[in-house]
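This is what each chain is made of:
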There are 2 protein chains.
Amino acid sequence: MNPSVYIGIDLGGTSIKMGLVDQLGNILHTQESPTPVKAGYHQVLKVFSQMTQQLFKDSQYEWKDIVGVGVGVPAFLDQRQGIVIEAVNLGWDHVPLKEDLERMWTVPIIIDNDANAAALGEMWNGAGKGASHLICLTLGTGIGGGVIINGNIYHGANGSAGEVGHITTNHQNGRSCNCGRKGCLETEASGTAIVLDALEQVKGMSTGPLKEEYDRTGTITAKSVVQLARRGDPICKKIITKIGRILGCTLAQMCYLLNPEIIVIGGGVARAGKILFDPLIQAFHDAVLPRVAENTSIVPAMLGNQAGLTGAAWLIHRKYTLDILEGQRQ
Amino acid sequence: MNPSVYIGIDLGGTSIKMGLVDQLGNILHTQESPTPVKAGYHQVLKVFSQMTQQLFKDSQYEWKDIVGVGVGVPAFLDQRQGIVIEAVNLGWDHVPLKEDLERMWTVPIIIDNDANAAALGEMWNGAGKGASHLICLTLGTGIGGGVIINGNIYHGANGSAGEVGHITTNHQNGRSCNCGRKGCLETEASGTAIVLDALEQVKGMSTGPLKEEYDRTGTITAKSVVQLARRGDPICKKIITKIGRILGCTLAQMCYLLNPEIIVIGGGVARAGKILFDPLIQAFHDAVLPRVAENTSIVPAMLGNQAGLTGAAWLIHRKYTLDILEGQRQ
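For clarity, every value in this text was computed on a predicted model and none was experimentally measured.

### Some details on the overall build of chain A
Alright, step 1. From N to C terminus, chain A includes eleven helices and 13 strands.
Alright, step 2. Over its C-alpha trace chain A gives a radius of gyration of 21 Å, about what one expects of a compact globule, namely 20 Å for 330 residues.
Alright, step 3. Counting only C-alpha atoms, chain A reaches 65 × 50 × 35 Å along its principal axes.
Alright, step 4. Across the 330 residues of chain A, 58% fall into the buried class.
Alright, step 5. Contacts in chain A between residues at least 24 apart in sequence constitute 63% of all its contacts with a sequence separation of at least 6.
Alright, step 6. For chain A, the accessible surface area stands at approximately 14,200 Å², while carbon and sulfur atoms represent 49% of it.
Alright, step 7. Within chain A, the 30 negative side-chain charges are centred at a point lying 5 Å from the centre of the 28 positive side-chain charges.

### Comments concerning the relation of the copies chain A and chain B
Here the second copy of the chain follows from the first by a rotation about an axis and a shift along it.
Alright, step 1. Superposing chain A onto chain B takes a rotation of 180 degrees plus a shift of 0.0 Å along the axis, which leaves an RMSD of 0.0 Å. Taken together, the rotation and translation relating the two chain copies correspond to the operation of a two-fold axis.
Alright, step 2. Interface overlap between copies is the fraction of interface residues in one copy that are interface residues in the other; for chain A against chain B it reaches 100%, indicating a shared surface.

### Re the pairing of strand β1 (residues 5–11) of chain A
Residue and element names in this part refer to chain A.
Alright, step 1. The element β1 is extensively covered by neighbouring structure, given that seven of its seven residues are classed as buried.
Alright, step 2. Here β1 shows two buried faces, one formed by Val-5, Ile-7, Ile-9 and Leu-11 and the other by Tyr-6, Gly-8 and Asp-10.
Alright, step 3. Taken together, the five bridges between β1 and strand β4 (residues 66–73) define a ladder with parallel strand orientation. The residue bridging Ile-7 from the neighbouring strand is Val-69, located in β4.
Alright, step 4. Bridge count between β1 and strand β2 (residues 15–21): six bridges; the pairing is antiparallel. Note that in β2 the partner of Asp-10 across the bridge is Lys-17.
Alright, step 5. Taking the residues between adjacent antiparallel strands as the criterion, β1 and β2 are bridged by three residues.

### Here we look at empty space enclosed by the protein
Residues and elements named next belong to chain B.
Alright, step 1. Using the criterion set out here, one finds one cavity of 30 Å³ or more in the structure.
Alright, step 2. Taken as a whole, the largest cavity holds about 50 Å³ of empty space.
Alright, step 3. Ala-75, Phe-76, Leu-77, Gln-79, Asp-112, Asn-113, Asn-116, His-155 and Gly-159 together form the lining of the largest cavity.
Alright, step 4. Of all the secondary-structure elements, those providing two or more residues to the lining of the largest cavity are β5 (76–78) and β8 (109–113).
Alright, step 5. Along the lines of polarity and charge, the residues of the lining of the largest cavity split into three nonpolar, five polar and one charged.

### Some points on the sheet that holds strand β11 (residues 152–153) of chain B
Residue and element names in this part refer to chain B.
Alright, step 1. Taken in spatial order, the five strands make up an open sheet running β11-β10-β9-β12-β13, and their pairing is mixed. Unpaired on one side and paired on the other, β11 and β13 (297–300) mark the two borders of the sheet.
Alright, step 2. Bridge count between strand β12 (residues 262–266) and β13: four bridges; the pairing is parallel. What sits directly across from Ile-263, in β13, is Ile-298.

### Some thoughts on the interface of chain A and chain B
Alright, step 1. Each partner contributes residues to the interface: chain A has 44 residues there, and chain B has 44 residues.
Alright, step 2. In total, chain A and chain B occlude about 3,800 Å² of area from one another, counting both sides; carbon and sulfur atoms represent 54% of this.
Alright, step 3. The interface formed by chain A and chain B holds two salt bridges in total.
Alright, step 4. One salt bridge connects Glu-163 of chain B with Arg-291 of chain A, and the closest N-O pair in it is separated by 2.8 Å.
Alright, step 5. Seen at the junction of chain A and chain B, the total is 29 residue pairs in polar contact (both at pLDDT 80 or more).
Alright, step 6. When residues of the side of chain A that touches chain B are traced back to their parent elements, those giving at least two are β10 (143–149), α8 (234–258), α9 (274–287), α10 (290–293) and α11 (307–329) of chain A.
Alright, step 7. Each residue belonging to the side of chain A that touches chain B can be placed in one class, and the counts come to 20 nonpolar, 15 polar and nine charged.

### Focus on the pattern of salt bridges
Alright, step 1. Taken as a whole and judged by the stated rule, the model has 26 salt bridges over all chains.
Alright, step 2. Of the charged contacts, one joins Glu-213 of chain A and Arg-216 of chain A as a salt bridge, the two residues approaching to 3.1 Å between their closest N and O atoms. Taken together, the residues Glu-213 of chain A and Arg-216 of chain A, both in helix α6 (residues 209–217) and three residues apart, mark about one turn of the helix.
Alright, step 3. Taking the relative accessible area as the measure of exposure, Arg-216 of chain A reaches 63% and is therefore exposed.
Alright, step 4. For Lys-242 of chain B, the salt bridge goes to Asp-197 of chain B, with nearest N and O atoms at 3.3 Å. Placement of Lys-242 of chain B in helix α8 (residues 234–258) and of Asp-197 of chain B in helix α5 (residues 191–203) is noted, with a sequence separation of 45 residues between them.
Alright, step 5. Exposure remark for Lys-242 of chain B: the relative accessible area of 36% places this residue in the partly exposed category.

### Focus: the nonpolar core
Alright, step 1. Grouped together as the largest cluster of nonpolar side chains are 112 residues, with contacts concentrated most on Leu-247 of chain A together with Leu-247 of chain B.
Alright, step 2. It is α8 of chain A that contributes the most residues to this core, 14 residues altogether.
Alright, step 3. Apart from the residues within four sequence positions on either side, Leu-247 of chain B is in contact with Leu-137, Leu-139, Ile-143, Leu-185, Ala-189, Leu-276 and Leu-280 of chain B.

### Details of the packing of aromatic side chains
Alright, step 1. If you walk through the whole model with that rule in mind, you get twelve aromatic pairs over all chains.
Alright, step 2. A centroid spacing of 6.3 Å and a plane angle of 50 degrees characterise the contact between Tyr-6 of chain B and Trp-124 of chain B, whose relative ring orientation is tilted. Taken together, the residues Tyr-6 of chain B in strand β1 (residues 5–11) and Trp-124 of chain B in helix α3 (residues 114–125) connect sequence positions 118 residues apart. With respect to burial, Tyr-6 of chain B and Trp-124 of chain B carry one shared label: buried.
Alright, step 3. Judged by centre distance (5.2 Å) and plane angle (75 degrees), the rings of Phe-56 of chain B and Trp-63 of chain B are edge-to-face.
Alright, step 4. Residue class for Phe-56 of chain B comes out buried when judged on its relative accessible area of 13%.
Alright, step 5. Of the residues examined, Trp-63 of chain B reaches a relative accessible area of 27% and is grouped as partly exposed.
Alright, step 6. Aromatic ring contacts, followed pair by pair, group Phe-48, Phe-56, Trp-63 and Trp-105 of chain A into a single cluster.
Alright, step 7. In this structure, Arg-291 of chain A is placed above the aromatic ring of Phe-76 of chain B, and the distance from its NZ or CZ to the ring centre is 4.0 Å.

What counts, and where the lines are drawn
- Residues numbered from 1 in each chain as written.
- Chains lettered and ligands numbered in written order.
- Predicted model: local features only at pLDDT ≥ 70, side-chain atom pairs only at ≥ 80, totals over all residues.
- Heavy atoms only, no water.
- Helix = DSSP H or I, 4+ residues; strand = E, 2+ residues; numbered from the N terminus.
- Rg over C-alpha atoms; globule rule 2.2 N^0.38 Å.
- Buried < 20%, exposed > 50% of the residue type's maximum accessible area, 1.4 Å probe, protein only.
- Contact = heavy atoms within 4.5 Å.
- Areas by Shrake-Rupley, 256 points an atom, 1.4 Å probe, with all protein chains shown as cover.
- Lys, Arg positive; Asp, Glu negative; His and termini not counted.
- Charge placed at Lys NZ, Arg CZ, Asp CG, Glu CD.
- Least-squares fit on C-alpha atoms with pLDDT ≥ 70 in both.
- Pairing = 2+ DSSP bridges.
- 1 Å grid on protein atoms, 1.4 Å probe; cavity = no way out; pocket = protein on both sides within 12 Å on 5 of 7 lines; lining within 4 Å.
- Points joined across faces, edges and corners; volume = space filled by probe spheres on them.
- Nonpolar A, V, L, I, M, F, W, Y, C, P; charged D, E, K, R; others polar.
- Buried area = accessible area lost by both parts, 1.4 Å probe.
- Salt bridge = Lys/Arg side-chain N within 4 Å of Asp/Glu carboxyl O.
- Polar contact = N/O pair within 3.5 Å; in protein donor to acceptor, adjacent residues only side chain to side chain.
- Core = buried A, V, L, I, M, F, W, Y, C linked by side-chain atoms within 4.5 Å.
- Phe/Tyr/Trp six-rings, centres within 6.5 Å; stacked < 30°, edge-to-face > 60°.
- Lys NZ or Arg CZ within 6 Å of the ring centre and 35° of its normal.

In structure tokens:
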């Protein structure tokens, strides 16, 4: 007989990642499949179903071993009711995801947003292991955030807690953000900001690696800027340094309010490593009182693109563990 | 026989406020006495003792009716151990307040910092009644903050959560703060900031109520600026409006992270009322996405200078209630 395990799903706008996760947060088997965004909601559910079948075929597990399924969704959602209120990248509007999956699979289902799932994954079995109070930032095209308090995701009044992408970081000369404001964290320190900074730099350049990249590909990606910075290109390093300083200063303000034990930073941009983290940590300590910061460490995420499915599985793990404790008390 | 009640103490740098508080958070009797700061720690404990005796004399209560005593202290402290680590205004350094009071009174003692106690008071029986997720700001000479999550104070990694006075609000032209940085919330939007703004204004004035106040008293207080603003003086109204805008914009950034149900604003400066709250709420909504702010209200504190002792009593009320629930489960 197999020990009980969880299924974690990280539903993205590009791909679906699904994994069997054990009770310690270790991933036993994974599946990945493109997200059929255009085919719509019901087709996504069908792909979910096919992926579980494949997962069971590849492993020795079957449905009777599965305690439940957790799903991370790139959406604004009603976590308790299990309703996806708005998922712009998926084109979903008010879909009862939890209810539909429970009908399909007849196991407990818990959903949460993708940034929250990633934060939980890092807390359970990644860079935040052992901590109870965390902030987790995911630096990609945009900037997502998850706030963990007392070992659980904190949702706030309506589920918007941790939506840090639109914190104003530049009141004076900020870029316009598609939210209608200026100087949002997302327009100043995300992958998108890196691209915009690099495009500005390229304008005045006649030579150099960044210019060559631009001439060769006709565009610039955040990934290429990060790679060039890692290879020592001074212009690209300067761009990453600037982003790091903005992030460090913004995290300092968050630290006054939340005094977290750990701040975990993940996402593609975090792959810049030391070039990003050194100025980030310096700017953080420049901007925060030593006493407030002395128990807070800033660390890179450890789980990469498996954080989301790990954290999704944790949602079920938590319920399972609490149910057992409750049973033992009675 | 009397119903069980709590004693709440708000220990300030100027005065000690003590009250008998019932299980609904209502204050039954109060005592106030100057804080013998110069006479030191043990003298403060003696005054505590004398005040309880007076409290019992004035009421029909006695020690056997008292469940425990909560104390709010203007200090950085180790809440669990009950040690006051540093209370600058009292000159205390690492004193075991909880232990000493438990020895003196032989009832349970819980201590917390004064801003946290004020936040808890407003949650229990004031402007935040019924809410689970609150931010409470106290605008006085400095700016104190308390963060309540899931109906309890959130302390963070080392007790610094909610210490919002040194959040940077003005990166470009901020005033120097005594923390060594520039543009802290406390230097830009507290009672001290109001005085500094008013003194700058007075320099260029030859007449007007503010100038008259200054000439008559040789100084300007935040209280007088607030009063003149309430009476319609345009210069003073402008000063309060500016403070309101800075506070509103800063609260917007906090809202992205914490998405609270209610933000309660108290302290002397909050007595400016509408003149402060109108620009504050306007600036808040200008700076925050509608979805993030739609379940957050900003309200003035209701308990005035009794918030601290009410919240101090709540610390014991919570313990008492949890103990009863735990007993019922066994």
